[in-house]
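A structural walkthrough
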Amino acid sequence: MTIAFQMEEVILGWQIFALTKDPLSLGIIALVGALPALVLLLYTGHLSDRKNRRTISLISLVVFVLCAIAFYQVSFHIESIYSRFGVMPFYSIMFISGTASAFFSPAIISFGTQLISSEQYAAASAWRSSTWQTGAIIGPALGGLLYGFVGAKGGYVVIAALFFLSFIWIFFIPSRGVPQSNAQESIVQSLKEGIKFVFRNQVIVGALSLDLFAVLFGGAVAMLPVYASDILKIGPEGLGLLRAAPSVGAVIVALWMAHKPLSGEIGKKLFVAVTAFGITIIVFGISENVYLSVAMLALGGAFDSVSVIIRSTLLNLSTPNEMRGRVEAVNLMFIGSSNEIGAFESGVAAKVMRVVPSVVFGGCMTLVSVFTTARLAPVLRKLKYEELVSSGQ
């Protein structure tokens, strides 16, 4: 599934930029994918705490298959469609896919946590991250190669097939039933309880805020088609390499952390990792050397992986099963949507101040967000893993 999503981002990004030659269009396609999540995630989180999470995931995967087929159809008739409608059909399909993602994400994450015991949360977060990142390594590279050798249409056929395989494999995972819940509780009350639970916990709020602003302003990935085409001049095959580089760094760190349990001052480690991530964005922004650019993207992915695993472990240790869908929905609104909103911010900034200054600006703002959060969230900054576990948070 991750391979399919990553392939789709690479092929769609290159296809749209090739048609428009406008970096803002890359930001718009990301924003269109994020809008449904911003509107629906609280409700879909509530739904995943009231309905069968496996069923929601399977229905969403069917929609992903249909969207990939729709992208193929538009690409098959691209000349006539683009002359009449521009890139609007791509935006429309992406909006539908984003809507399915809003249902899918809280359901599949919560369902996955139902499959393991609480003692396995930290290791499971690292394994889940490494598995996702492995797919994120293969996906961009495969997407770039397919676009370069067989075109967008062939790429979308492979994407649809991969989503279908994902459907089959999830179908054969036994259901864990519907979480226990208060049947008398209204939807509004349910949503309020989920939001209150998150915002009462200073550690969770601090961690989510830190990642929110880091991802929001560090969205250099959205501009990679421009770097591959106009700055580094390495074509769609090189774009796949750039997209895969952060995941290479991330999967190495995630595998290491899967075998090395979290311990000690995890709050301080979180702030150091996000600071280093911001620095790699700045260096990447000014680099005109392919090897240095790839190295900075890989390092950025490694530092980001530390942040993801710590945040995921905090959420899993803090949240009861019957509230996990709503808490994950809030988490996804902070983090998941900020990837797309950050991509839109990058597109707007690139339009206003050009691509390179916009990426450097984003890295600098990431550093500002680190220092601000460290000042406003001292509990998170001083947090030790052993204290978190023993306190029962």
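Everything below is about the structure shown above.
Residues numbered from 1 in each chain as written. Predicted model: local features only at pLDDT ≥ 70, side-chain atom pairs only at ≥ 80, totals over all residues. Heavy atoms only, no water.

Looking now at the packing of aromatic side chains. In total, this model carries 11 aromatic pairs according to the counting rule given. Ring geometry for Phe-64 and Phe-104: centres 5.6 Å apart, planes at 75°, overall edge-to-face. One end of the pair, Phe-64, is in helix 3 (residues 53–76); the other, Phe-104, is in helix 5 (residues 88–114), and 40 residues separate them in sequence. You'll find Phe-64 and Phe-104 in the same group, each marked buried. Both rings, one in Tyr-72 and one in Phe-76, keep their centres 5.9 Å apart while their planes meet at 35°; by these two values the pair is tilted. Of this pair, Tyr-72 and Phe-76 are both found in helix 3, 4 residues apart, which corresponds to roughly one turn of the helix. Classification of Phe-76 as partly exposed rests on a relative accessible area of 49%. Taken together through their ring pairs, the aromatic side chains of Phe-5, Phe-64, Phe-104 and Phe-163 make up a single cluster. (Phe/Tyr/Trp six-rings, centres within 6.5 Å; stacked < 30°, edge-to-face > 60°. Helix = DSSP H or I, 4+ residues; strand = E, 2+ residues; numbered from the N terminus. Buried < 20%, exposed > 50% of the residue type's maximum accessible area, 1.4 Å probe, protein only.)

Moving on to the pattern of salt bridges. Where charged atoms of side chains with opposite charge meet at close range, the side chains can pair. Enumeration according to the criterion identifies 2 salt bridges in this entry. Among the salt bridges present, the one from Asp-49 reaches Arg-53, with a minimum N-O distance of 2.8 Å. For the pair shown, Asp-49 and Arg-53 are each scored as buried. (Salt bridge = Lys/Arg side-chain N within 4 Å of Asp/Glu carboxyl O.)

Residues other than glycine seldom take positive phi values, yet Lys-233 does so here, at roughly 55°. As for its placement among the helices and strands, Lys-233 is situated in the loop between helix 9 (224–231) and helix 10 (235–259). A relative accessible area of 63% places Lys-233 in the exposed class.

Looking now at the packing of helix 3 against helix 6 (residues 121–171). Running from N to C, helix 3 and helix 6 point in directions that differ by 170°, and their axes come no closer than 9 Å. Comparing the axis directions of helix 3 and helix 6 gives the class roughly antiparallel. Contact with helix 3, carried on its side by Arg-54, Leu-58, Leu-61, Val-62, Phe-64, Val-65, Ala-68, Ile-69, Phe-71, Tyr-72, Ser-75 and Phe-76, involves Ala-152, Lys-153, Tyr-156, Val-157, Ile-159, Ala-160, Phe-163, Phe-164, Ser-166, Phe-167, Ile-170 and Phe-171 of helix 6 and no other residues of that element. Considering only residue class, the contact of helix 3 with helix 6 consists of 20 nonpolar, 2 polar and 2 charged. (Axes fitted to C-alpha atoms, helices over the stretch in contact; angles between N-to-C directions. Parallel < 35°, antiparallel > 145°, perpendicular 65-115°, else oblique. Contact = heavy atoms within 4.5 Å. Nonpolar A, V, L, I, M, F, W, Y, C, P; charged D, E, K, R; others polar.)

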